[in-house]
Amino acid sequence: MDPQTAITGRELILAASAIGAGLAMIAGIGPGIGQGYAAGKAAEAVGRQPEAQGDVIRTMILGQAVAETTGIYGLVIAIILLFVQPLLG
Amino acid sequence: MDPQTAITGRELILAASAIGAGLAMIAGIGPGIGQGYAAGKAAEAVGRQPEAQGDVIRTMILGQAVAETTGIYGLVIAIILLFVQPLLG
Amino acid sequence: MDPQTAITGRELILAASAIGAGLAMIAGIGPGIGQGYAAGKAAEAVGRQPEAQGDVIRTMILGQAVAETTGIYGLVIAIILLFVQPLLG
Amino acid sequence: MDPQTAITGRELILAASAIGAGLAMIAGIGPGIGQGYAAGKAAEAVGRQPEAQGDVIRTMILGQAVAETTGIYGLVIAIILLFVQPLLG
Amino acid sequence: MDPQTAITGRELILAASAIGAGLAMIAGIGPGIGQGYAAGKAAEAVGRQPEAQGDVIRTMILGQAVAETTGIYGLVIAIILLFVQPLLG
């Protein structure tokens, strides 16, 4: 077998990293649902008390920021897999 | 084996990148559900207080923008896999 | 092995692109649920306040448009995989 | 190996297209849930205000039409994979 | 290798079509949930206003018919894969 064309273990790891990076992004489902729920409840609250708009939005944004974290974790792992490639010794 | 026709490691990485890009898009389920919830609550609020329409819609759009982020993360990872191809040394 | 019949790397990438395109469409689950929720809440609001129908429908459509985006991202990635084929150098 | 019986790359692409087409249809989960929710809320609204039936049903159908789109995107990608076969050069 | 026992590309395509047909049917989760929700809300509405039964049922059936569509899309793709076999040239 010609070493030029054979699949090496290094290349198999990189191929699996591409799939792993894609899988990691699926975590984004959670923040997307949760933050949208927060946005919906905030819109409902502003409709009831328009004068409290500033407080409602500040609370929504703060809560959404916390909900964002797991989506960012997924993004960080994907970027590590794609660019840092720690599995290649 | 003819080197012209054998599967190389480089090609395996690119094949895995196609699957990884598709997987990353699945993140879009989240923003779709969440933003729709926000839209529903906003429509409900406008039905109750049509005069607060501007405030309600502004709050909805702001919250939906935050909920969009993880969908964009998935899109960015897919585009990196398809066009930047960082796993090819 | 006859080079005419062997599977080449190019063909493996195209096969993976077909699977990647299918996976990307799964994102459509989200907008479908979210937009339907918005439609339900809008129908409910119109039943209660038929005179606010215009405002309710405008809010629903605006919010649904935002919820559509991640479904369109998935469609775009699928079309890129099927027709642009960026992974073929 | 007899070239008549070996698996060619062309056949691998077609096999993957069958799986990709099936995956794309999974998107239909979303519109099914969302449109059913809209139908339920509309039935509830009509039960409360039978005289608003026309307005409620019009709002429901309009919102459901938007929710249908991502299901149709999935169907279109499946039909392209099965009949247009763009991955076969 | 005996050509009688080798896996041909044609057989690989048919095998993948079986998997694709099965995947396509997963779409049925959506209409099942959504239509059941509609039926539940309609039953609730009829319980509250038995005199509005005709209007409630008409609205429910209309909305459920729309929710059925993506389930039918999945069925059609499965039947095409199983009987039309467009991927076999």
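The structure presented is a predicted model; accordingly, all values stated were derived computationally and were not measured.

**Describing the packing of aromatic side chains**
Turning to step 1, where the next piece is worked out: Across all of its chains, the model carries four aromatic pairs over all chains by this definition.
Turning to step 2, where the next piece is worked out: Look at A:Tyr37 and B:Tyr37: their rings are 4.8 Å apart centre to centre, the planes differ by 25 degrees, and that puts the pair in the stacked class. Pair noted here: A:Tyr37 is in helix H2 (residues 29–48) and B:Tyr37 is in helix H2 (residues 29–48), and the two residues belong to different chains.
Turning to step 3, where the next piece is worked out: Here A:Tyr37 falls in the partly exposed class, since its relative accessible area comes to 44%.
Turning to step 4, where the next piece is worked out: Through a chain of ring-to-ring contacts, the aromatic side chains of A:Tyr37, B:Tyr37, C:Tyr37, D:Tyr37 and E:Tyr37 assemble into a single cluster.

**Observations regarding the pattern of salt bridges**
When their charged atoms lie close together, side chains carrying opposite charge are able to pair.
Turning to step 1, where the next piece is worked out: One pass over the structure, following the stated rule, counts 14 salt bridges over all chains.
Turning to step 2, where the next piece is worked out: Here the salt bridges do not stand alone but share partners, grouping A:Lys41, A:Glu44, B:Lys41, B:Glu44, C:Lys41, C:Glu44, D:Lys41, D:Glu44, E:Lys41 and E:Glu44 into one network.

**Quick notes on helix H2 (residues 29–48) of chain E**
Turning to step 1, where the next piece is worked out: With 20 residues, H2(E) should reach 28 Å at 1.5 Å per residue; the first-to-last C-alpha distance of 29 Å fits that figure.
Turning to step 2, where the next piece is worked out: Tucked inside the fold, the buried residues of H2(E) contact helix H2 (29–48) of chain D together with helix H3 (53–84) of chain E.

**Description of the arrangement of the chains**
Turning to step 1, where the next piece is worked out: For the non-touching pair chain B and chain D, the nearest C-alpha separation works out to 9 Å.
Turning to step 2, where the next piece is worked out: Taking C-alpha atoms as the reference, chain B and chain E come no closer than 14 Å and do not contact one another.

**Examining the interface of chain B and chain C**
Turning to step 1, where the next piece is worked out: Contacts between the two partners involve 49 residues from chain B, matched on the other side by 50 residues from chain C.
Turning to step 2, where the next piece is worked out: Carbon and sulfur atoms make up 75% of the surface buried where chain B meets chain C, a total of about 3,800 Å² over both sides.
Turning to step 3, where the next piece is worked out: For the pair chain B and chain C, the interface holds one salt bridge.
Turning to step 4, where the next piece is worked out: On the surface where chain B and chain C come into contact, there are nine residue pairs in polar contact (both at pLDDT 80 or more).
Turning to step 5, where the next piece is worked out: The set of elements that each furnish at least two residues to the side of chain B that touches chain C consists of helix H1 (9–25), H2 and helix H3 (53–84) of chain B.
Turning to step 6, where the next piece is worked out: Of the residues forming the side of chain B that touches chain C, the biggest block, 16 residues, is contributed by H2(B).
Turning to step 7, where the next piece is worked out: A per-class count over the side of chain B that touches chain C returns 30 nonpolar, 13 polar and six charged.

**What to know about the interface of chain D and chain C**
Turning to step 1, where the next piece is worked out: Taken together, the contact pairs 50 residues of chain D with 49 residues of chain C.
Turning to step 2, where the next piece is worked out: Summed over both partners, the interface of chain D with chain C comes to about 3,800 Å²; 75% of that surface belongs to carbon and sulfur atoms.
Turning to step 3, where the next piece is worked out: Inspection of the chain D/chain C interface yields one salt bridge.
Turning to step 4, where the next piece is worked out: One salt bridge in this structure joins C:Glu44 and D:Lys41, with 3.0 Å as the shortest N-O distance.
Turning to step 5, where the next piece is worked out: Scanning the region where chain D abuts chain C turns up eight residue pairs in polar contact (both at pLDDT 80 or more).
Turning to step 6, where the next piece is worked out: Mapped by element, the contributors of at least two residues to the side of chain D that touches chain C are helix H1 (9–25), H2 and helix H3 (53–84) of chain D.

**Quick notes on the packing of H3(D) against H3(E)**
Turning to step 1, where the next piece is worked out: Taken N-terminus to C-terminus, the directions of H3(D) and H3(E) make an angle of 0 degrees; their axes are 11 Å apart at the nearest point. Taken as axis vectors, H3(D) and H3(E) run roughly parallel relative to one another.
Turning to step 2, where the next piece is worked out: For the contact of H3(D) with H3(E), a count of residues per class yields 15 nonpolar, seven polar and three charged.

**A word on the UniProt feature "transmembrane region" (unreviewed entry) in chain A**
Residue and element names in this part refer to chain A.
Turning to step 1, where the next piece is worked out: Summarizing the sequence annotation, UniProt attributes the feature "transmembrane region" (unreviewed entry) to residues 12–33 and 70–88 in the numbering used throughout.
Turning to step 2, where the next piece is worked out: Between the end C-alpha atoms of residues 12–33 the distance is 34 Å, and the span holds 86% helix and 0% strand.
Turning to step 3, where the next piece is worked out: Across residues 70–88, helical content stands at 79% and strand content at 0%; the span's end C-alpha atoms are separated by 26 Å.

**Re the environment of C:Tyr73**
Turning to step 1, where the next piece is worked out: Position of C:Tyr73 among the secondary structure elements: in helix H3 (residues 53–84).
Turning to step 2, where the next piece is worked out: Taking the C-alpha atoms as reference points, C:Tyr73 and C:Ala27, separated by 46 residues in sequence, lie 8.5 Å from one another.
Turning to step 3, where the next piece is worked out: If we skip the residues at most four places from it in the chain, C:Tyr73 touches B:Met25, B:Glu68, B:Gly71, B:Ile72 and B:Leu75.

**Re a positive patch on the surface**
Turning to step 1, where the next piece is worked out: Judged by side-chain charge, A:Arg48, B:Arg48, C:Arg48, D:Arg48 and E:Arg48 come together as a positively charged surface patch.
Turning to step 2, where the next piece is worked out: Here C:Arg48 is to be found in helix H2 (residues 29–48).

**Observations regarding the UniProt feature "domain: V-ATPase proteolipid subunit C-like" (unreviewed entry) in chain A**
Turning to step 1, where the next piece is worked out: The sites that UniProt annotates as "domain: V-ATPase proteolipid subunit C-like" (unreviewed entry) are residues 19–81 of chain A.
Turning to step 2, where the next piece is worked out: A helix fraction of 89% and a strand fraction of 0% characterise residues 19–81 of chain A, whose end C-alpha atoms lie 10 Å from each other.

Rules and cut-offs
Residues numbered from 1 in each chain as written. Chains lettered and ligands numbered in written order. Predicted model: local features only at pLDDT ≥ 70, side-chain atom pairs only at ≥ 80, totals over all residues. Heavy atoms only, no water. Phe/Tyr/Trp six-rings, centres within 6.5 Å; stacked < 30°, edge-to-face > 60°. Helix = DSSP H or I, 4+ residues; strand = E, 2+ residues; numbered from the N terminus. Buried < 20%, exposed > 50% of the residue type's maximum accessible area, 1.4 Å probe, protein only. Salt bridge = Lys/Arg side-chain N within 4 Å of Asp/Glu carboxyl O. Expected span 1.5 Å × (residues − 1). Contact = heavy atoms within 4.5 Å. Buried area = accessible area lost by both parts, 1.4 Å probe. Polar contact = N/O pair within 3.5 Å; in protein donor to acceptor, adjacent residues only side chain to side chain. Nonpolar A, V, L, I, M, F, W, Y, C, P; charged D, E, K, R; others polar. Axes fitted to C-alpha atoms, helices over the stretch in contact; angles between N-to-C directions. Parallel < 35°, antiparallel > 145°, perpendicular 65-115°, else oblique. UniProt positions renumbered as here; feature names shortened; annotations may be inferred. Patch = residues over 30% accessible without salt bridge, like charges linked within 9 Å, V, L, I, M, F, W, Y side chains within 5 Å. Areas by Shrake-Rupley, 256 points an atom, 1.4 Å probe, with all protein chains shown as cover. Lys, Arg positive; Asp, Glu negative; His and termini not counted. Charge placed at Lys NZ, Arg CZ, Asp CG, Glu CD.

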